[in-house]
Amino acid sequence: MQFSWYRQVETKAADSARDAVTDADVVFTMLSAPEVVEKVAFGDDGFIGAMREGALWVNCSTVNPSYTRECNERSRARGLRFLDAPVAGTKMPAETGDLTFLLGGESSDIDQVRPLLENMGQKVLHVGPAGQGSAFKMLVNALLAQSMLVYAETALLGEKLGFSRDFLMDTLPNLPVTAPFLKGKAGLIKEGNYEAQFPLELMLKDLQLLDVTAYEQKQPLFLAGLAKSVYGQANRAGHGRDDFAAVFDYLEKLG
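What you see is a predicted model, and the numbers here were worked out from it, not measured in a lab. (Residues numbered from 1 in each chain as written. Predicted model: local features only at pLDDT ≥ 70, side-chain atom pairs only at ≥ 80, totals over all residues. Heavy atoms only, no water.)

With that out of the way, let us pick up the overall build of the protein. Across its full length, the protein holds 11 helices and 8 strands. Relative to the globule expectation of 18 Å for 255 residues, the C-alpha radius of gyration of the protein, 20 Å, shows essentially globular dimensions. On the principal axes, the C-alpha backbone points of the protein span a range of 65 × 40 × 30 Å. At a minimum sequence separation of 6, the contacts of the protein that also span at least 24 residues come to 65%. Within the protein, one finds 25 positive and 33 negative side-chain charges whose respective centroids are separated by 2 Å. (Helix = DSSP H or I, 4+ residues; strand = E, 2+ residues; numbered from the N terminus. Rg over C-alpha atoms; globule rule 2.2 N^0.38 Å. Contact = heavy atoms within 4.5 Å. Lys, Arg positive; Asp, Glu negative; His and termini not counted. Charge placed at Lys NZ, Arg CZ, Asp CG, Glu CD.)

In structure tokens, the structure reads:
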């Protein structure tokens, strides 16, 4: 595994996360799950112990808000500053610099890294104190997962009712009741190409984190729970590394 750090215009590769952060004023991480963040940041060879006092850790990983608040507390206990900055947007927005950063933390810390964030994304939203960036990301992905599933079910019913797939994929996404991101997913379905922009297995992970968060807040999420079950079945059927739009393919084969 290689790690890199950014300082002015110079980029270097490091052999470990600890080596990467030693002289850094700002450290960005974007990792797949809380357990991975825990290992890379706080494990035996975790980078937190190598960061210099007063440095800023910006965690762009999608993790549950309670874990984010824990990361903030543990970082500050070591004399570090912390921001949670998960992103809205998948592979293509990342490549074109059109991500939206959802920030939780102190305004002064956000001001320090805003030029870096604006270089990677087109919008920076400060949504509250540490943990609230992660909290808002839970809401974003809840909408993504459920909207995709509703669209897939609706389109499959449309085919059974006699409409062609091309017609449905060209028409449904342009209706005012349809989430805008589904235009791109309709193209994947139409082509039968589910190359991952956002892997289904990560959507399933995020639905599990949503479930944990809802439990902590004592808020039932009946439909999101059903969605997690469907994505879990699609994952077991071999679609984990496909784009989460492949839930359409899974449901089609059930029918």
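Now for the confidence of the model for the protein. In this model, the protein carries an average pLDDT of 94, and 96% of its residues clear a pLDDT of 70 or more. Counted against residues more than four places away or in other chains, residues 1-9, with its pLDDT under 50, gives 22 contacts. (pLDDT = per-residue confidence, 0-100.)

Turning our attention to the packing of aromatic side chains. Evaluation of the coordinates by the stated rule reveals 6 aromatic pairs. Here phenylalanine 163 and phenylalanine 167 contribute two aromatic rings whose centre-to-centre distance is 5.7 Å and whose plane-to-plane angle is 20°, an arrangement assigned as stacked. Note that arginine 74 overlies the ring of phenylalanine 42, its terminal NZ or CZ placed 3.7 Å from the centroid. (Phe/Tyr/Trp six-rings, centres within 6.5 Å; stacked < 30°, edge-to-face > 60°. Lys NZ or Arg CZ within 6 Å of the ring centre and 35° of its normal.)

So, on to the side chain of lysine 137. Mapped onto the secondary structure, lysine 137 falls in helix H6 (residues 132-160). A polar atom in the side chain of lysine 137 sits 2.7 Å from the side chain of threonine 62. Aside from chain neighbours lying at most four places away, what touches lysine 137 is Thr62, Pro86, Val87 and Leu102. (Polar contact = N/O pair within 3.5 Å; in protein donor to acceptor, adjacent residues only side chain to side chain.)

Note on placement: threonine 213 falls in helix H9 (residues 200-216). Apart from residues lying up to four places away in sequence, threonine 213 is in contact with Asn64, Pro65 and Met138.

A separate point is the pattern of salt bridges. One pass over the structure, following the stated rule, counts 13 salt bridges. Arginine 76 is the salt-bridge partner of aspartate 109, the closest N and O atoms lying 3.7 Å from each other. With a gap of 33 residues between them, aspartate 109 in helix H5 (residues 107-120) and arginine 76 in helix H3 (residues 65-77) connect regions that are remote in the sequence. Judged by its relative accessible area of 4%, aspartate 109 is buried. Close ionic contact of arginine 165 with glutamate 252 constitutes a salt bridge, the shortest N to O distance being 2.5 Å. You can see arginine 165 sitting in helix H7 (residues 165-171) and its partner glutamate 252 sitting in helix H11 (residues 247-254), a full 87 residues away along the chain. Judged by its relative accessible area of 32%, glutamate 252 falls in the partly exposed class. Ionic contacts of the salt-bridge type, sharing partners, join the residues Glu38, Glu70 and Arg74 into one network. (Salt bridge = Lys/Arg side-chain N within 4 Å of Asp/Glu carboxyl O. Buried < 20%, exposed > 50% of the residue type's maximum accessible area, 1.4 Å probe, protein only.)

With that settled, the discussion passes to the pairing of strand S3 (residues 26-29). By the bridge criterion, 4 bridges tie S3 to strand S4 (residues 56-59) in an arrangement that is parallel. Bridge assignment links valine 26 to a residue of S4, and that residue is leucine 56. Note on the crossover from S3 through helix H2 (residues 34-42) to S4: the handedness is right-handed. (Pairing = 2+ DSSP bridges. Right-handed = clockwise from strand over helix to strand, strands pointing away.)

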